[in-house]
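Per-entry structural report
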Amino acid sequence: MVIKDKTESFRGSSDEEVDGYHHHHANSNSKNKNDDNVSVDSFDVQSTSGASAYSGAPSTFGGKDHSSSTGDGSDSPAALVRNEDFAVRILRLLAIILLLAAAAAAGSMMYIFTSRAEQSSFERSFDEIASKILDSFLEETAAKFWNARTLAAGLNGVMDSGGMNKTHLFTAAWEELSEEARLVSDVNAVSFAPFLFDEDELRGFREFTIDKTDGGIPTSGPNPICNYCGSQELINTNPDATIEIGGIGSVSCGAIYGSGQSGSVSRCEFVLEVTEDVCMCGPPSPDEVTLPVRTTLEGMWMIGDDGLAVDDTTSPPWNPVWLMAQDGESKSTFLYNQMSEPERRRVLNGLIKHKVPSFSEIFSREGAYYENYAKGSQGELVTSLAFPVFELDSDEDLAGSITLELYWRNFIPSNFPVDGDLVDVVISNTCGQEYTFRIDEANNELDLVGKGNLHDTKFSSYVKSTELEKYDDAVRLASGVSPPDEDLDQFCRYQFFVYPTQDLQDEYVTDEPLIFTIIVCTIFVFTTAVFFLYDFFVRRRQRLVMDRATRTGEIVSSLFPENVRARLYESNITKSGTTAKTDDDDHDDNNNKKSYF
């Protein structure tokens with residue numbers, strides 16, 4: 001009988017209490033004794049599972065006065081459950097905070113480390129690009145001075161071999177002599193002009209030029225002009241027509257006309273014969289201005305107020321162009337006095353005073369001289385390199401100047417680094433000028449951005465530049481001389497600056513740090529969601545168990561008086577304390593039990 005098994009544990013109870021218990025139970029459940037047994041068994045199962053789930057609850061009943069099994073005292077099961085629930089909530093909150101803190105820390109570290117890695121890569125790449133560009137600018141500067149120096153030495157050789165001086169200097173091979181300098185330095189024009197310091201030198205020079213050209217038009221070649229049109233007022237009107245010349249092949253009328261104008265034709269009579277019925281001549285079109293080409297009989301000239309050539313009226317020193325080799329469609333610029341042009345005059349005066357080669361300031365090919373005579377590449381930014389040519393056996397007496405007209409567009413080597421087109425290049429000089437360029441990598445040119453330092457100010461702190469001393473060293477190494485320290489401020493000395501651009505930064509600084517950070521945070525958010533889901537199911541299970549235990553407790557409270565319930569709880573505590581015994585000990589204990597029925 002189940003009641004007998006339950007009452008076995010009431011060893012300290014009097015027989016009267018047990019009899020009273022059975023009498024009360026019998027009266028309360030006289031209709032169905034089997035139901036009594038099921039109810040008590042049910043209580044035994046639930047109280048045991050309750051002791052397992054809430055290990056602290058049953059132990060509080062040992063040796064204490066329990067006023068109510070469902071009371072709200074500090075030692076009651078309900079109070080203990082509330083305390084446990086509060087502790088669980090605190091732990092749950094701490095777990096959430098830790099997960100969020102870990103997500104923030106991991107995301108921040110991921111973003112910081114990847115961002116720094118990209119920024120470091122960007123800065124390292126820019127440093128390499130800037131260093132190569134700056135080195136190339138200094139190398140190009142030195143190369144141009146080297147070419148001018150070589151040309152000056154060649155001209156001194158001509159003077160020495162022909163016993164010439166500055167007023168009687170001529171070579172029919174100027175085109176060939178200056179070709180390397182033009183090609184290597186990539187310049188538009190290379191010229192030699194004597195320095196004439198007084199009227200006697202000017203008179204001697206003029207007589208020499210008239211004698212050399214028979215009072216005609218000077219040419220850059222060894223021969224006089226050969227114009228199959230018969231007059232300088234007429235031009236070729238069918239330049240694309242071709243003539244078959246034995247031993248040469250097909251030659252266009254335009255090419256023959258240009259060669260004749262430059263003095264490159266040695267057999268003018270033959271040219272006049274073969275072109276007579278093929279190459280046509282006529283006046284220029286109405287929109288093309290026809291300018292007279294000055295002869296040596298007319299002498300040295302400058303640009304007048306109307307933009308046309310007029311007799312030079314300036315004071316000495318003079319520097320008239322005599323030997324000229326140039327590209328483009330230029331009219332003759334022979335005997336043009338370079339000292340009449342402000343931009344050239346400044347650098348030439350420095351050459352006269354210090355006997356030191358230098359760059360001029362930056363100027364544009366604009367104005368009447370470039371529109372009407374030195375045609376081609378109008379509006380291009382250029383600089384003149386003036387190099388001294390000395391009289392034989394002298395380092396002080398200037399014979400003249402070699403002038404290289406340098407296009408800044410072409411001031412670029414052929415081996416610029418990768419991504420060199422993603423930086424701003426600023427060219428500055430001590431004459432107070434600044435121009436900003438971008439590298440056109442496809443055409444290997446410098447594209448003008450504008451006048452001034454127009455780099456993105458966001459990247460000002462990244463600037464890399466050459467030092468003025470480096471420029472002076474490059475000039476000194478190439479030319480063999482350098483400006484005296486006390487007169488450095490009188491020269492246009494150049495500095496080169498390189499700044500990164502947003503395009504370059506975008507090549508290295510990307511959205512990947514943000515993407516990686518979002519991925520890491522997403523992983524932690526997923527982990528937190530799994531934690532919440534797990535916590536939800538655990539709490540739901542606990543509620544189900546708690547609801548069943550509560551209902552069981554209510555059933556027990558309705559069936560048993562309070563003192564019996566206390567005895568039953570103590571019985572369960574006693575039973576829980578003996579579960580660690582061995583099977584033999586349990587067998588001995590059962591043999592020693594006293595039966596009350």
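Residues numbered from 1 in each chain as written. Predicted model: local features only at pLDDT ≥ 70, side-chain atom pairs only at ≥ 80, totals over all residues. Heavy atoms only, no water.

1. Remarks on the state of the cysteines
Heads up, the rule is: Sulfur atoms of two cysteines make up a disulfide when they are within 2.5 Å. Strands here are runs of E lasting at least two residues and helices are runs of H or I lasting at least four, both read from the DSSP assignment and numbered beginning at the N terminus. Three exposure classes are used, based on accessible area relative to the maximum for each residue type with a 1.4 Å probe and protein chains only: buried under 20%, partly exposed in between, and exposed over 50%.
Following the criterion strictly, the structure yields 4 disulfides and no others. The side chain of C229 participates in a disulfide bridge whose partner is C281; the two sulfur atoms lie 1.9 Å from each other. Across the disulfide from C229 to C281, rotation about the S-S bond amounts to roughly -80°, and the bridge is consequently left-handed. One end of the pair, C229, is in the loop between α7 (199–213) and β2 (235–236); the other, C281, is in strand β5 (residues 281–282), with 52 residues separating them in the sequence. Exposure remark for C229: the relative accessible area of 11% places this residue in the buried category.

2. Digging into a nonpolar patch on the surface
Definition in use: Patch construction takes residues with relative accessible area above 30% that form no salt bridge. Like charges are linked within 9 Å, and nonpolar side chains (Val, Leu, Ile, Met, Phe, Trp, Tyr) are linked within 5 Å. Accessible surface is estimated by sampling points in the Shrake-Rupley manner with a 1.4 Å probe; for residues, cover comes only from the protein chains shown. When a carboxyl oxygen of Asp or Glu is within 4 Å of a side-chain nitrogen of Lys or Arg, the pair counts as a salt bridge.
A surface patch of nonpolar side chains, amounting to about 600 Å² of accessible area, comprises F86, I90, L91, L93, L94 and I97. For F86, the location among the structural elements is in helix α5 (residues 77–162). Residue class for F86 comes out exposed when judged on its relative accessible area of 55%.

3. Observations regarding the pattern of salt bridges
One pass over the full model with this rule turns up 17 salt bridges. Linking R294 and D311 is a salt bridge whose minimum nitrogen-to-oxygen distance equals 2.6 Å. One end of the pair, R294, is in the loop between β5 and β6 (301–303); the other, D311, is in strand β7 (residues 309–311), and 17 residues separate them in sequence. Exposure remark for R294: the relative accessible area of 14% places this residue in the buried category. The exposure class of D311 is partly exposed, given its relative accessible area of 46%. Among the salt bridges present, the one from E405 reaches R344, with a minimum N-O distance of 2.8 Å. Residue E405 is found in strand β12 (residues 398–407), and its partner R344 is found in helix α10 (residues 342–354); the two are separated by 61 residues along the sequence. We classify R344 as buried; its relative accessible area is 6%. Several salt bridges converge on common partners, so that one network encompasses E341, R344, R365 and E405.

4. Let's talk about the environment of I402
Where we set the bar: Residues count as neighbours in contact if any of their non-hydrogen atoms are within 4.5 Å of one another.
Relative to the helices and strands, I402 is located in strand β12. Residue class for I402 comes out buried when judged on its relative accessible area of 0%. Distance from I402 to L151, taken between C-alpha atoms, is 8.0 Å for residues 251 residues apart in sequence. Setting aside anything within four residues of it in sequence, one finds I402 in contact with A148, L151, A152, L155, V190, S191, F192, L385, A386, F387 and V389.

5. Observations concerning the nonpolar core
We apply this condition: What is meant by a nonpolar core is a set of buried Ala, Val, Leu, Ile, Met, Phe, Trp, Tyr and Cys residues, joined one to another through side-chain atoms within 4.5 Å.
Counting residues in each nonpolar core, the largest one holds 75 residues, and the members touching the most others are I133, I402, W408, I427 and Y494. Of all the elements, α5 adds the most residues to this core, at 15 residues. Core analysis: the next-biggest nonpolar cluster, separate from the first, contains 12 residues, I243, I245, V251 and I256 among them.

6. A look at the packing of aromatic side chains
Aromatic rings considered in pairs are described by the distance between their centres and by the relative angle of their planes. What counts is decided by this rule: To pair, rings of Phe, Tyr and Trp, with the six-membered ring standing in for Trp, must have centres within 6.5 Å; the planes then decide the type, stacked if under 30 degrees apart, edge-to-face if over 60, and tilted in the middle. Criterion for a charge above a ring: Lys NZ or Arg CZ within 6 Å of the ring centre, and within 35 degrees of the ring normal.
Evaluation of the coordinates by the stated rule reveals 24 aromatic pairs. Consider the rings of F359 and F411, whose centres lie 6.4 Å apart with planes at 80°: the pair is edge-to-face. Taken together, the residues F359 in strand β9 (residues 358–359) and F411 in the loop between β12 and β13 (423–429) connect sequence positions 52 residues apart. F411 shares its class with F359; the two are buried. Ring plane angle 35° and centroid distance 4.6 Å describe the contact between W408 and F411, whose orientation is recorded as tilted. Here the two residues W408 and F411 agree in accessibility, since each one is buried. Here a set of aromatic residues connected by ring pairs shows up, and it is made of F137, F145, F359, W408, F411, Y471, Y494 and F496. Directly above the aromatic system of F411 lies the positively charged group of K144, at a separation of 4.7 Å from the ring centroid. In this arrangement the basic side chain of R409 is found over the ring face of Y407, its NZ or CZ atom lying 5.2 Å from the centre.

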